[in-house]
Amino acid sequence: FAKNQGSATYSKTTLLSCLVSERHNISNPCTMFPVTASVISLLFIFLPFMSCYAFESANKNAYVTIRHHELSPSCLFLSDGGDPFEELMKRAAEMSEENKSGASAREKFEVPNGIGFGSLAWGDVDRGFMPTRSSFYQGVSTTSGLNSMDSFDVNDLEDAYLTLLRGGISFADTCESYGAKMRNRKLSSEHLIGRIRSSCLGREKGIGQPILSNKFVPKLMSRSFDAFDVRAGSDAVLRACRASADRMEVGVIDLYQLSAPTYLYAGGRTALIAGLAGCVQSGLCRRVGVSNMNAKKVQHFYDRLRDDHGIRLATNQVSLSLVNRKVIFDGTVDYCEKMGVTVVAHTPLAGGLASGLYTEANPTGGDRTARLDKFNMKDLRKFAPIHEALDVVCDMCDRRVKKELRAKMKQAKDLAERNPRKFQKPKDKVINDVTPAQVSINWVRAKGAVPIPGIKNKQDANELLDCLRFELTDDEVAMLDRAADIVDGYRRRYP
């Protein structure tokens with residue numbers, strides 16, 4: 001919403017826009033918003049013909065965005081019958097305070113339960129997405145589990161989304177380039193997240209709000225951009241952030257990151273930093289982060305954002321898995337932990353190499369139709385010590401988890417038998433096996449990072465939720481580390 005140099009003084013037009021963009025759920029149509037009928041009529045006449053309408057303040061750092069799908073006649077009424085301007089002033093002040101407290105005044109960015117999920121495959125037909133699923137494709141793939149190549153559609157994604165939010169995993173990561181080929185059909189990753197989120201908000205009670213993360217691609221031109229979008233300078237970052245928020249059907253993105261550490265961007269690092277800061281100051285996003293940067297580059301962005309703009313760097317998204325531990329040994333993870341920057345680990349399963357799906361004994365991942373050259377036998381043989389250690393630790397965790405869960409179930413049954421009126425006897429539940437993929441994900445968590453494996457269906461979501469049942473012990477982490485030392489030799493290169 002519009003604000004002028006942090007001032008809490010708002011005009012009637014600005015307050016109307018605050019009311020519209022916040023999408024009030026109005027139940028009492030008796031109290032009309034005190035604005036002339038002519039203004040209301042003009043809004044309803046011209047708004048359907050506009051994709052986005054913005055109020056720009058004099059300093060060009062504040063704006064209001066009103067999307068046509070967020071305006072309804074009910075927005076012009078208040079539910080409590082009170083004075084509308086007093087209500088709006090109160091809400092505007094709260095929103096202003098939230099925006100001003102932004103990234104600079106927040107503590108370290110925390111992800112609930114320390115796990116999120118990625119949407120790289122959402123909308124990508126090359127990764128199994130089916131815009132319209134036909135009966136021919138159902139059940140074709142013989143693989144299953146995280147990093148499998150099963151086909152999936154919008155209904156599968158919605159089931160997975162709801163399963164994760166109900167289970168306590170709410171951090172969702174996407175990028176403007178994910179599924180960009182389907183953008184014209186509004187089936188890109190951003191569109192799908194916005195569509196599913198909006199659909200679930202109206203009919204699902206009791207689930208929390210997702211924490212949405214998006215990324216800016218710092219390139220001059222790309223096929224993933226909107227038509228005629230040539231990017232240069234800091235304004236392009238704000239323009240892209242606003243477009244991503246529109247596609248995701250949100251007013252504010254929780255976390256906005258750079259997708260790459262390239263310094264070939266037109267305008268350089270200074271423009272990128274100013275653009276990220278402008279997104280926070282303008283209220284387009286709450287926090288900003290970077291991706292794939294080492295400790296030195298993270299330090300530069302951290303210092304410039306803090307010293308020049310008073311904004312805190314929230315995250316650094318890097319590649320981290322059992323088969324790729326470079327960021328642990330080159331000091332990136334240690335520096336981020338020291339400065340309070342949350343490390344987000346994309347590809348925590350390394351495309352299946354760290355999940356136990358592809359091994360020397362199973363080079364196709366169990367799919368008879370898969371290409372034999374996805375991972376050559378030389379690489380699979382190289383990672384054999386990690387796969388063997390994963391199997392051993394997996395068995396150890398499986399026995400421990402099942403023992404603990406059976407003990408809890410027995411205790412609950414004993415309580416129910418002693419106090420049948422107070423406690424209900426629990427039903428016997430099937431205890432799922434611990435999988436190598438869950439062990440690999442929890443190894444990433446043990447290293448202080450937030451893993452975001454790709455999720456495509458409800459089965460993937462349930463397997464990811466089962467990671468919350470247990471944590472690796474120090475001995476189990478050490479066993480996996482020793483196996484990884486044999487493979488990568490990072491400990492010798494970074495003494």
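Treat the numbers as computed from the prediction; the structure is a model and nothing was measured.

> Tell me about the overall build of the chain, and name the residues and values.
Helices and strands together make up the secondary structure of the chain, namely 16 helices and 10 strands. Buried residues in the chain amount to 49% of all 495 residues. Contacts in the chain between residues at least 24 apart in sequence constitute 78% of all its contacts with a sequence separation of at least 6.

> Before we move on, can you summarise the pattern of salt bridges with the specific residues and values?
By the definition in use, this model includes 20 salt bridges. A salt bridge links Glu360 to Arg381; the shortest N-O distance between them is 3.1 Å. Of the two residues, Glu360 is situated in the loop between β9 (342-346) and α11 (377-382) and Arg381 in helix α11; the sequence distance between them amounts to 21 residues. You can call Arg381 partly exposed: its relative accessible area is 47%.

> Talk me through a positive patch on the surface; I want residue IDs and the actual numbers.
A surface patch of positive charge is lined by Lys326, Lys378, Lys382, Arg492 and Arg493. Looking at the element boundaries, Arg492 is found in helix α16 (residues 490-493).

> Can you explain the packing of aromatic side chains? Please cite residues and give values.
Enumeration over the complete set of coordinates arrives at 5 aromatic pairs. With centroids separated by 6.0 Å and ring planes inclined at 80°, the aromatic side chains of Phe216 and Tyr265 adopt a geometry described as edge-to-face. Here Tyr265 lies in the loop between β6 (253-258) and α7 (268-281) and Phe216 lies in strand β5 (residues 211-216), a separation of 49 residues in the sequence. The residues Phe216 and Tyr265 share a single accessibility class, namely buried.

> Go over helix α15 (residues 474-488) with me, naming the residues and quoting the values.
Here α15 is 15 residues long and its end C-alpha atoms lie 21 Å apart, about the 21 Å a rise of 1.5 Å per residue gives. All of the buried residues along α15 are Glu476, Val477, Leu480, Asp481, Ala483, Ala484, Asp485, Val487 and Asp488. Summarising the contacts, the buried residues of α15 are in contact with α9 (326-329), α11, α12 (384-418), α13 (436-446) and α16.

Conventions used here
- Within every chain, residues take consecutive numbers counted from 1 along the sequence as written.
- Where totals are concerned, whole chains, interfaces and linings use all residues; where local detail is concerned, this predicted model gives features only for residues with pLDDT of at least 70, and gives and counts side-chain atom pairs only at 80 or more.
- Heavy atoms throughout the structure, all of them, feed into the side-chain values; hydrogens and water do not.
- Under the DSSP-based scheme used, a helix requires at least four consecutive residues in state H or I and a strand at least two consecutive residues in state E, with every element numbered from the N terminus.
- Throughout, exposure labels follow a simple rule: accessible area from a 1.4 Å probe, protein chains only, divided by the maximum for the residue type, with under 20% read as buried, over 50% as exposed, and the rest as partly exposed.
- Pairs of residues are marked as contacts when any of their non-hydrogen atoms sit within 4.5 Å.
- We define a salt bridge as a side-chain nitrogen of Lys or Arg found within 4 Å of a carboxyl oxygen belonging to Asp or Glu.
- Each patch groups residues whose relative accessible area exceeds 30% and which form no salt bridge, using 9 Å between like charges and 5 Å between nonpolar side chains of Val, Leu, Ile, Met, Phe, Trp and Tyr.
- Residue burial considers only the protein chains on display, and all accessible areas are found by Shrake-Rupley using a 1.4 Å probe.
- Residues counted as positive are Lys and Arg, residues counted as negative are Asp and Glu, and His and the chain ends are not counted.
- Working definition for charges: the position is that of NZ of Lys, CZ of Arg, CG of Asp or CD of Glu.
- Centres within 6.5 Å are what make two rings of Phe, Tyr or Trp a pair, Trp counting through its six-membered ring; a difference in plane orientation under 30 degrees is then read as stacked, over 60 as edge-to-face, and the rest as tilted.
- Expected span of a helix: the number of residues minus one, times 1.5 Å.

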